[in-house]
Each structure stands twice: as C-alpha cells, then as structure tokens.
Amino acid sequence: MLIDTVCRLCSSCCPIEAEVEEGRLIGARRKSFLDPYKRLACAKLAAAPDIVYSPDRLTTPLIRREDGSGFREAGWDEALERVAERMRHHRQTSGAQSVAWLRGMAADWGAPWDYPNRLMHAFGSPNTIGNGSICFVARDFAHSYVYGSMAFPEAKNAKCIIVWGKNDGNTALGAAEGIHWAKAHGATLIVIDPVRTALAAKADIWLPIKPGHDGLLAMAMINEIIRERWYDSAFIDRYTVGFEELRAVAARYPVETVAGQVWLDADVIREVTRIYATIKPAAIIDGNGLDMHREVFDTTRAVAMLRALTGNLDKPGGDVLPQPVPARNIQLKERLPEGLKPITAAYSLFNTFSETWGNQVQGCVVDAILDQRPYPLKMVVVQSGNPLVTMADSNRTRAAFAKLETLVVIDMFMTETAKLAEVILPAASCFEKTQLNRASIRNNPIILQNAVIEPLGDSWPDWRIVFELGRRLGYGDDFPWQTAEEAIDDQLEPAGVTVADLRSHGKTGLRLETMRYEKYRDQPLKTPSGKVEFYSPRLAEAGFAGVPFEQGLGPDPISFTDRRADYPLLGISGSRDIRFTNSQFRTIPALLKGGTVCVVDIHPDDAEQQRVTEGDRVAIETPKGQVEMTARLSTTVRPGMVRLAWGWGDYDPRANLNALTEDDVRGPVSGTSTSRSFMCRLRKL
Ligand SMILES: Nc1nc2c(c(=O)[nH]1)N[C@H]1C(S)=C(S)[C@@H](COP(=O)(O)OP(=O)(O)OC[C@H]3O[C@@H](n4cnc5c(=O)[nH]c(N)nc54)[C@H](O)[C@@H]3O)O[C@H]1N2
Ligand SMILES: Nc1nc2c(c(=O)[nH]1)N[C@H]1C(S)=C(S)[C@@H](COP(=O)(O)OP(=O)(O)OC[C@H]3O[C@@H](n4cnc5c(=O)[nH]c(N)nc54)[C@H](O)[C@@H]3O)O[C@H]1N2
Ligand code: SF4
Ligand SMILES: [Mo]
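Residues numbered from 1 in each chain as written. Chains lettered and ligands numbered in written order. Predicted model: local features only at pLDDT ≥ 70, side-chain atom pairs only at ≥ 80, totals over all residues. Heavy atoms only, no water.

Novice: Where do I start with the environment of Gly 615 in this structure?
Specialist: Here Gly 615 is to be found in the loop between helix 25 (604-609) and strand 23 (617-622). Here Gly 615 falls in the partly exposed class, since its relative accessible area comes to 45%. Note: C-alpha distance between Gly 615 and Asn 359 (256 residues apart in sequence) is 43 Å. If sequence neighbours within four positions are ignored, Gly 615 has contacts with Thr 630 and Ala 631. (Helix = DSSP H or I, 4+ residues; strand = E, 2+ residues; numbered from the N terminus. Buried < 20%, exposed > 50% of the residue type's maximum accessible area, 1.4 Å probe, protein only. Contact = heavy atoms within 4.5 Å.)

Novice: Quick question: what am I supposed to make of the domain arrangement of the protein chain here?
Specialist: Interfaces are often described in size by the accessible area the parts lose on coming together. Assigned domains of the protein chain: these are domain 1 (137-321 + 525-541) and domain 2 (561-684). Between the C-alpha centres of domain 1 and domain 2 there is a distance of 28 Å. Taken residue by residue, the interface counts 22 residues in domain 1 and 24 residues in domain 2. Summed over the three residues of domain 1 that lose the most area to domain 2, namely Val 195, Met 292 and Arg 294, the buried surface amounts to 35% of that side. For the pair domain 1 and domain 2, the number of links is one salt bridge. When the shortest N-O distance is used, the salt bridge between Arg 294 and Glu 662 registers 3.1 Å. Elements with a contribution of two residues or more to the side of domain 1 that touches domain 2: helix 5 (137-147), helix 6 (168-171) and helix 14 (296-309). Here the side of domain 1 that touches domain 2 is built from residues that sort into 12 nonpolar, seven polar and three charged. (Domains from an automatic or database assignment. Buried area = accessible area lost by both parts, 1.4 Å probe. Salt bridge = Lys/Arg side-chain N within 4 Å of Asp/Glu carboxyl O. Nonpolar A, V, L, I, M, F, W, Y, C, P; charged D, E, K, R; others polar.)

Novice: What is the right way to look at the site of ligand 1 in this model?
Specialist: The environment of ligand 1 is formed by 31 residues, the closest being Asp 193, Arg 576, Phe 580, Asn 582 and Arg 676. Take Asp 577: an N or O atom from its main chain is 2.8 Å from a nitrogen atom of ligand 1. Within the backbone of Phe 580, one N or O atom sits 2.5 Å away from a nitrogen atom of ligand 1. Protein contact buries 96% of the 910 Å² of open area that ligand 1 shows by itself. Per-class residue counts for the shell around ligand 1 are 11 nonpolar, 13 polar and seven charged. Each of domain 1 (137-321 + 525-541) and domain 2 (561-684) accounts for three or more of the residues forming the shell around ligand 1. (Near = heavy atom within 4 Å. Polar contact = N/O pair within 3.5 Å; in protein donor to acceptor, adjacent residues only side chain to side chain. Areas by Shrake-Rupley, 256 points an atom, 1.4 Å probe, with all protein chains shown as cover.)

Novice: I tried to follow the pattern of salt bridges on my own but got confused; where do I start?
Specialist: For the coordinates displayed, the defined rule picks out 58 salt bridges. Between Arg 307 and Asp 319 there is a salt bridge, with its nearest N and O atoms 3.2 Å apart. Pair noted here: Arg 307 is in helix 14 and Asp 319 is in strand 14 (residues 319-320), with a separation of 12 residues, a long-range link. Considered together, Arg 307 and Asp 319 belong to a single accessibility category, that of buried residues. Connected through salt bridges with shared partners, the residues Asp 4, Glu 17, Glu 19, Arg 29, Lys 31 and Lys 507 form a single ionic network.

Novice: How should the pairing of strand 2 (residues 15-21) be read in this particular structure?
Specialist: Bridge count for strand 1 (residues 2-6) against strand 2 is five bridges, and the pairing is antiparallel. Bridging from a neighbouring strand, Thr 5 pairs with Ile 16 of strand 2. Note that strand 2 and strand 3 (residues 24-30) share six bridges and pair antiparallel. Across the sheet, Ile 16 pairs through a bridge with Arg 30, a residue of strand 3. Between strand 2 and strand 3, which pair antiparallel one after the other, the connecting turn spans two residues, and Glu 22 there sits at a positive phi close to 45°. (Pairing = 2+ DSSP bridges.)

Novice: Sorry, what's going on with the sheet that holds strand 10 (residues 188-192) here?
Specialist: The strands making up a sheet associate through backbone hydrogen bonding, with each pair oriented either parallel or antiparallel. Strand order in the open sheet made by the four strands is 11-10-9-13, with parallel pairing throughout. Edge strands, defined here as strands with exactly one partner in the open sheet, are strand 11 (205-207) and strand 13 (282-286). On average, adjacent strands in this sheet sit at an angle of 15° to one another, irrespective of strand direction. Here five bridges tie strand 9 (residues 160-164) to strand 13, and the two strands are oriented parallel to one another. (Axes fitted to C-alpha atoms, helices over the stretch in contact; angles between N-to-C directions.)

Novice: Would you mind going over the packing of aromatic side chains with me for this structure?
Specialist: The relation between two aromatic rings is expressed through the spacing of the ring centres and the mutual angle of the planes. A full pass over the atoms with the stated rule returns 22 aromatic pairs. Their ring planes at 80° and their centres at 5.0 Å tell us that Trp 648 and Tyr 651 sit as a pair that is edge-to-face. For Trp 648, a relative accessible area of 3% gives the class buried. Linked through ring pairs, Tyr 115, Trp 463, Phe 467, Phe 479 and Trp 481 together constitute an aromatic cluster. Of note, Arg 586 hangs over the ring of Trp 648, and the distance from its end group to the ring centre comes to 4.3 Å. (Phe/Tyr/Trp six-rings, centres within 6.5 Å; stacked < 30°, edge-to-face > 60°. Lys NZ or Arg CZ within 6 Å of the ring centre and 35° of its normal.)

Novice: Would you explain the nonpolar core in this entry?
Specialist: Inside soluble globular proteins, nonpolar side chains tend to come together where they are buried. By size, the foremost hydrophobic cluster in this structure holds 108 residues, and its most contacted members are Leu 425, Phe 431, Ile 620 and Leu 644. If we ignore the near neighbours within four places in the chain, the residues touching Leu 644 are Gly 571, Ile 572, Ser 573, Gly 574, Val 599, Val 600, Ile 620, Val 627, Met 629, Leu 657, Leu 660 and Phe 678. Tyr 253, Tyr 520, Val 547 and Val 669 belong to the second-largest nonpolar core, a separate cluster that totals 101 residues. (Core = buried A, V, L, I, M, F, W, Y, C linked by side-chain atoms within 4.5 Å.)

Novice: Help me understand the site of ligand 2 in this model?
Specialist: Around ligand 2, the structure places 31 residues, and the nearest of them are Met 105, Thr 390, Asp 411, Lys 433 and Ser 583. Interatomic distance of 2.8 Å between a side-chain N/O atom of Asp 462 and a nitrogen atom of ligand 2. Asn 582 is positioned with one of its side-chain polar atoms (N or O) 3.1 Å from an oxygen atom of ligand 2. Here ligand 2 has 920 Å² of accessible area as a free molecule, and 96% of this is covered by the chains. Of the residues assigned to the shell around ligand 2, the class counts are 12 nonpolar, 15 polar and four charged.

See below:
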C-alpha cells in the first residue's frame, strides 16, 4: 500500500509516498515534478526502514536508577508522573520560569511547535526555546524586517540563480531539482560558497568567498547596482522606503575595497552584479552558510534588499512571498504573568518578530544554568535535539547540562544528551505520527504528514507526550484533544480545512488560494510601513543599524582571529552529508556503509607542509578544545582552509566539532554566535 506523507528525516519536508505492507514500512519515494527516474535519490529516505526498525530505537520510557547505575525501564504513567512532579517541585521552589523546554531541529515548527509553547505558557514559564539563532529562523527574521516575511526562491522558473551559502544537492533535494532544471533550461547559475561544492563546480560563476564576509559582498553589490542604475526605479518609488539611506551606506562599500576583504576579484563581483541585476527573473537562494555567523541578520537583510532593488520580489521565477494559511494561535502566551521575561529577553526583537517562533537563542539556556543570567534554570526538557553535540562550545554546554537539577529528554535514540537525563521519553519517528509541518502552515499548499505505521514498541508521538503531560499537570481543558487529527482540525478551523480534507488531497496537497504574484500591489507588506524597508526605523529606535552594516562589519566574523598567530588555519564546519542529519543516524549500518566518516578536508599544499598524508589521524585545536579526525586531501578547499566533518559527536566524542566553537560573542539582534568559521591549528597524531 502506498501512503502520501511528508518525510521529516531532515528539515526539507519532502512530500513522499511511503510503501507499507502488513503494517510495516518497507520503502519510500520522494515526489517531485520530475519523472521518477530523473529524481534525485535520498540516502536517508532509502534507509528509512533501517532507521525506523533500528535495534537502537528507544521503545520504552527510562528512568535513572537512584544509585546512578544507568537507567531502568518504566511505564508511561510513572515516567510522566516523575516529569510532572519535577516540574511542580521546581515551580514551587524556584518559580515556573526555572523550567525550560529546549527544542531541536527535528521538532519541526508549525503546529508541533505550538504544543510545547502552549504547555509551558499554561504552566507559567516563558522559556520554550528553539535553536533558530543558528539555523534559518535568524534569516527568516531578517527577511521579515525587510519585506514582512521570508521569501521563497522560485528557482525552477528563474533565468538567473544565485545560490548563496546553500548546498541543496546534499540538504534539500526538491530545491536542488529546481536548480538543475532551470540550469538545463538556460538559467545562469552563480554559486557563492567558500568550498567548491558539486554545485559550485557546475556553476557558470563560482565566488569562493571568505567565510563570514558575505555581508560586505552584498553591500558592494547594492552599491554597484545603485551606481550603475540597474535598479527597478518604478518598484522602488512605489513600494519601498529608505532608498536614500541605503544609497548613502552602500557607498561606503565600493567593489574595489570590498574585493580584497572578501577574497574575490573586483571584476568578477562587478560581472556577477551585472548578470544578477539585468537578467530577469532572478532568484537568490540563501542558506545556512550565512547562519552561524554573528552578522547573519545584517548579511541576510542586505541580500534581501538585492531582491527588492532589482524588482525580483514576488515575481514568477524570482523570490516569492508566502500566502500563509489562517490558523488559530494556540500558544496561550497571554497566560503568562505580566512582566515575566524569558531568559532570551536580551533579544526582544527576535523573540517577538513572529507569532510562531518565540524564543530562539538557545545559548541563553547555558548562560542561565551556569551563570544564572538573567536568572537560574533548574530543569530542562530537551525535545528532539542533541545540544551536547549540536550547540556551540560543547565543553561549556556539557558543564551546564551536567549541572541541571533535572534533565528530561524526548528522543528516538540514546544520545550524548540523553545519557545525562533523569528521565528519557521514547518518541515515535516521523513515519509514526500525524502532524502539520512547518512548510504547510506557512504557505500553500498544505500537505499533511501522515502516520503510515503504528508507533514502534511503547514509543509515543511527540504530540501525545505533550498533551498527556499537559493533562497530568492539570491543564485538561487546554489539552482536550485525544488525537493529532482533533488538534489539527481545531487549529485549522479559521482556514475551514480539516484533516479529512487534507487527506483527500494527499497527492498534491491542498491549495487554499490560487498562487498569486506581486501581492504588494493590493496588499501592504507586513512591515510597519507596509513597504520594503531599506532603512528600518524599528531597528534604529532599538539602537541597532537601521541600514545593514551602517556601523561597519564589527568584530572579525571569524572566531579566534585575534589568536591567529597560534591558530593559523581557517576551519569551517563541514559539508552536510546526504546520509546524515546533524548528529543523527550514525548508528544505522546502511548509512555508514557507503564511505568516509569523520574527515577533515585539507589542501595538498597544507598537508605537505604539515607532513600529513591521506588517511592520517590528525588533531585540530582551537582555544576552546580539540577534536581528532582523519585527513582527506582535497582541492575543494583553498590553501590555509580546512573543512571539518560535522555532527559526529555521538559516534565518537573525540570528533565533536563543537568542541572547537565558541558562544562567547553573539550578534546583538539575533543572538547568533559564530560557530561555523574559526581559526584553528592542525597536527598529525
Ligand atoms: N543531509 C542533510 N540534510 C540536511 C541537514 C543535514 O545535516 N544533513 N540539516 C538540515 C538543516 S537543520 C539545515 S539548517 C539545512 C542546511 O542546509 P544548507 O543551507 O544547504 O547548509 P549547509 O550545507 O550547512 O551549508 C551550505 C553551504 O554553505 C557553505 N558555507 C559555509 N560557510 C559559508 C560562508 O561563510 N559563506 C557562504 N556564502 N557559504 C558558506 C558551505 O560550504 C555549504 O556548501 O539542511 C537540512 N538538511
Ligand atoms: N558547528 C556546527 N554546529 C551546528 C551546525 C553546524 O552546521 N555546525 N548546524 C546547526 C543547525 S542548522 C541546527 S538546526 C542544529 C541542529 O541541532 P539539533 O536539533 O540538536 O540536532 P539533531 O542532531 O538533528 O538532533 C535531533 C534529535 O532529535 C531526535 N529526533 C529525530 N526525530 C525525532 C522526533 O520525531 N521526535 C523526537 N522527540 N526526537 C526526534 C534525533 O534522534 C536527534 O537526537 O545544529 C546546529 N549546530
Ligand atoms: S531530503 Fe531526504 S531526508 Fe530530507 S526530507 Fe527529503 S527525503 Fe527526507
Ligand atoms: Mo538547521
């Protein structure tokens, strides 16, 4: 039997068909606009049955033994009662705000994001925290401050595409298919990436930019577009504010000056700018290469402004604004006592820019535990995240989680983080639960993620864990739903859509409105002025740059640059392997089979200098810590730069990349720290 659903083994949310026989998942295939034999294959999806039926799955709740000697199995009743009892205890002794809920990538956003927010708000704590300051939410924030919401590049129909710090061939196959299609149909492809990725190698022009310096490049391109009058003056006159302010700031970033700072050739920057500004329609795909840099907010704002300057915003083949689905806000934020601030209060614009996201600076969790800044946390529930591997500065993160009085982890597998927990609650996989994924609730069409098999063993879907815990804490009225379907129907009532409707549109998804472009012609943008804001009075009033980079670039974007005499190599957090998602799936034999594991890519010139040969074990150090990996000689990185494998901290704690990164200095608006680019040194072991 084939069942339509959405894959959530990574954040791409590909629509898929799952093949189920006698209640068992036996395979799954991505859907796409391409003929089946032309579709890109996803190694993780191919291994879905291996992941779902992995002998390492957690299938029963676990509680730490009193004597500390590991875990014992428990029933849900006992485990949930323990969690509820600990929550009440900490609320009584230290206040409800001393309990936080930390959400990782796999938690998804949209409806499933709302549930723990609802629970925590009912409980009285403002501290439901996501990891968006280092993932794409910081970019969503930046897009939103320029034109009201995050734009979606319609690459498939573009005639020019700039891929800016994104590697869809490994991370988002549907998007990659769009790029390849457009290129095959004559689009010009420009890739801005410090690494010669497979896509960069195929590009018409590849800009091997200095990591972390993309904002300068964007400002230089803006300046060039304004100087050459390549902008869309009709669009700018009617639909934007702050053009003169932008012109004045951009003039401080002439191509000649910027080129050397960003390691690029001035003529190539001019040529790329001309191509982008003059070929229509053009789309920019911005990605996680911009994230995990302190400057991400201003960098992404500058990139967003390129879209508006050239009139590519909300055009077919350009960057399209979403048509969100009307959904009920179920977060119950109004229940919080007035004046009770979250631990992320220092980032108030980020906390409040959208109804959905809430607090996203996860480093504040560590500050609050270790330094009691702005107040102490005593208990954390980690849901679908593995902070000990994925948060910056792993040693500091570990110290914090070890210090907590109570740690609860909701996961499918035993992780480095779960090993420290008092209670572990086993979660059902994405194939075992029905939910509304982020892509759906934020835009048409709505595609339902369907449970295609029963939860494995005694694991529970996340929604059920949250609802049952809510009822146990006494919020039965707030969690009246017995099924995911009831909760979704309730939340989608304003849209007039039910789960049954969604299921009857399983093949393609349900489109609530016909797709429209240039919506700004009759609908104000969701900015305070209703227009594109090249200058943001809101930011200026809050003491931040009204125009991106009006106060310059700030501290060097690359961590530990002040120590480069001791740490001469530039390290970057590595490619995301198609086989794995962040720290996940390293226990799945089918995925480990295919090749190299924890490698550091080093240019042959550097290797020779260090007397390192292919396959040698090497140590990489920063002022924060050390990792050990295997050397792979590669010309995809330039001399002086190394690329380290990312996400291996569960597989081998010695290979935990975030042992090298820091969370000491954060971008003032989005709270983002630079955990992708850092100075380091390498030696043969
Ligand atoms: N297979 C797989 N898929 C995934 C994930 C995974 O771990 N594995 N993770 C999921 C998640 S959570 C996310 S957020 C997305 C991320 O997916 P992407 O947005 O594609 O992110 P990355 O692959 O981390 O980085 C993209 C590119 O940015 C480049 N880059 C690094 N530093 C810089 C820089 O300073 N400037 C520029 N211009 N480029 C830079 C890298 O070399 C890389 O080629 O993928 C999702 N999908
Ligand atoms: N240095 C460096 N640091 C990074 C990154 C980087 O590229 N370099 N990437 C950053 C980015 S973009 C992100 S998004 C974060 C990711 O950070 P995390 O979200 O912490 O990363 P994951 O490894 O994806 O952890 C997800 C956990 O959820 C579990 N899980 C999977 N599905 C489910 C489910 O349905 N329910 C529940 N309850 N659990 C589930 C998995 O087993 C896994 O343990 O890491 C960030 N950290
Ligand atoms: S890229 Fe692969 S793992 Fe990610 S959602 Fe799509 S099919 Fe699933
Ligand atoms: Mo992410």
